[in-house]
Amino acid sequence: SAMSAGDREEPAMWPREAASWIVSQADHVTVLEAGIRSLADTLQPVFERGEYSLASWRRHPLNPKSADGRAVSWVFLADTLNFSFWSDAEADAKFCVTYAGERHTGYWSLCAAINRTLDEGFDLLDPKLWPGLTLDRLIHLLRGDRSEMPLMQERLDCLQETGRILVDRYGGDFNNVLLAAAGSARRLLELVVTEFPCYRDVSVYKGCRVGLYKRAQILVADIWGALEGAGPADFNDIDCLTAFADYRIPQALEYFGVLQYGPSLREALNERRMLPNGHPMEVEIRGATIHAVELLASEMRRRFSTSGNGHRLINSVLLDHYLWDYRRQFADKIDHLPFHRTRCIYY
């Protein structure tokens, strides 16, 4: 395993604790209570109408329609490659994939490319094929209309390494990892970040190892969605997941007045400066994103428990989905706010 002895001795803090600690130490990012309350005002009617629920996931046209082992394999492939889609190019040269007559960007461009590959008769869902993939082949399979997805060599490395681990330890099938988690989201998360190095989204912030685990958490959440919380995805502890700290959710949170950035961070964002993964400013944005959504979930739960609507399912996963969708839907209103630019395999 790529895990060093040092990693074993000192496990990273888990996302919820890590985020709370980062916010308590942060120099560049503040979470505003007034913003949390005002965003909760916006969200309350949305959740009262039941617009975001466990069933929402499968409604997206690109997501698998069958709640079965194939869907789990699809999710694992997508989330193993679910990172760094942002483009430096102007909108017309952005990475995009046209599939079934529709043009997709960002994460959905990856989903479209996966579905196109399956339509073409190559079973990319089978991890036994991943170690033998070449860079040229993967570039062809994930080709865009006009350009190449960023970090293609890293995407190949993730697939090859992950495929080898699945073949060596899990019979070449991620469903066996899911079964090993025995119905616990927390256990599945632990297995994923322990077994697969490319999911180990850990930074060192002010001397402390913080696990933000964006792709590992979204993997667990997507499996929960794909299987509609049934069978091996009947997780009684799904609320152990936090929001998925990427570069889009913080943009939405800043738009809603939840996150406030200090002058030097604001300048870095305005100048579109690259922040390396693990940079204190980057860790603070991601930690504050997770912590803000935790506070938002608490506020929403409080409101529903007092309004007699306590049966509504409120958790960070569903709140994250709302914010991510909102940013896409209202990009014209939000995208004047610069997102932080970090190129890495973790988000």
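The name given to the protein chain in an unreviewed UniProt entry is Queuosine 5'-phosphate N-glycosylase/hydrolase, with Macrostomum lignano as the source organism. According to UniProt, the comment filed for the protein chain under the heading Function (unreviewed entry) is "Catalyzes the hydrolysis of queuosine 5'-phosphate, releasing the nucleobase queuine (q). Is required for salvage of queuine from exogenous queuosine (Q) that is imported and then converted to queuosine 5'-phosphate intracellularly." As recorded by UniProt, the Catalytic activity (unreviewed entry) comment attached to the protein chain reads in full: "queuosine 5'-phosphate + H2O = queuine + D-ribose 5-phosphate".

Asks: Account for the overall build of the protein chain, with residues named and values stated.
Replies: Assigned secondary structure in the protein chain consists of 16 helices and six strands. Scaling as 2.2 N^0.38, a compact globule of 347 residues should have a C-alpha radius of gyration of about 20 Å, and the protein chain matches this with 19 Å. With respect to the three principal axes, the spread of C-alpha positions in the protein chain is 50 × 50 × 45 Å. With 347 residues in all, the protein chain has 56% of them scored as buried. Residue pairs at least 24 apart in sequence account for 75% of intrachain contacts in the protein chain once pairs closer than 6 positions are excluded. Averaged over its 39 positive side-chain charges, the protein chain has a centre that lies 2 Å from the centre of its 47 negative ones.

Asks: So what about helix α15 (residues 316-329)? Which residues, and what values?
Replies: Across its 14 residues, α15 extends 20 Å between first and last C-alpha, which sits within 8% of the 20 Å expected from 1.5 Å per residue. Across the 14 residues that make up α15, a large majority, 10, are buried. Taken residue by residue, α15 has Ser316, Val317, Leu318, Leu319, Asp320, Tyr322, Leu323, Trp324, Tyr326 and Arg327 as its buried positions. At its buried positions, α15 is contacted by α3 (33-48), α6 (106-119), α11 (214-226), α12 (249-255), α14 (280-306) and α16 (331-334). The backbone nitrogen of Val317 has a side-chain oxygen 3.1 Å away, supplied by the residue at the start of α15, namely Asn315.

Calculation notes
Residues numbered from 1 in each chain as written. Predicted model: local features only at pLDDT ≥ 70, side-chain atom pairs only at ≥ 80, totals over all residues. Heavy atoms only, no water. UniProt positions renumbered as here; feature names shortened; annotations may be inferred. Helix = DSSP H or I, 4+ residues; strand = E, 2+ residues; numbered from the N terminus. Rg over C-alpha atoms; globule rule 2.2 N^0.38 Å. Buried < 20%, exposed > 50% of the residue type's maximum accessible area, 1.4 Å probe, protein only. Contact = heavy atoms within 4.5 Å. Lys, Arg positive; Asp, Glu negative; His and termini not counted. Charge placed at Lys NZ, Arg CZ, Asp CG, Glu CD. Expected span 1.5 Å × (residues − 1). Polar contact = N/O pair within 3.5 Å; in protein donor to acceptor, adjacent residues only side chain to side chain.

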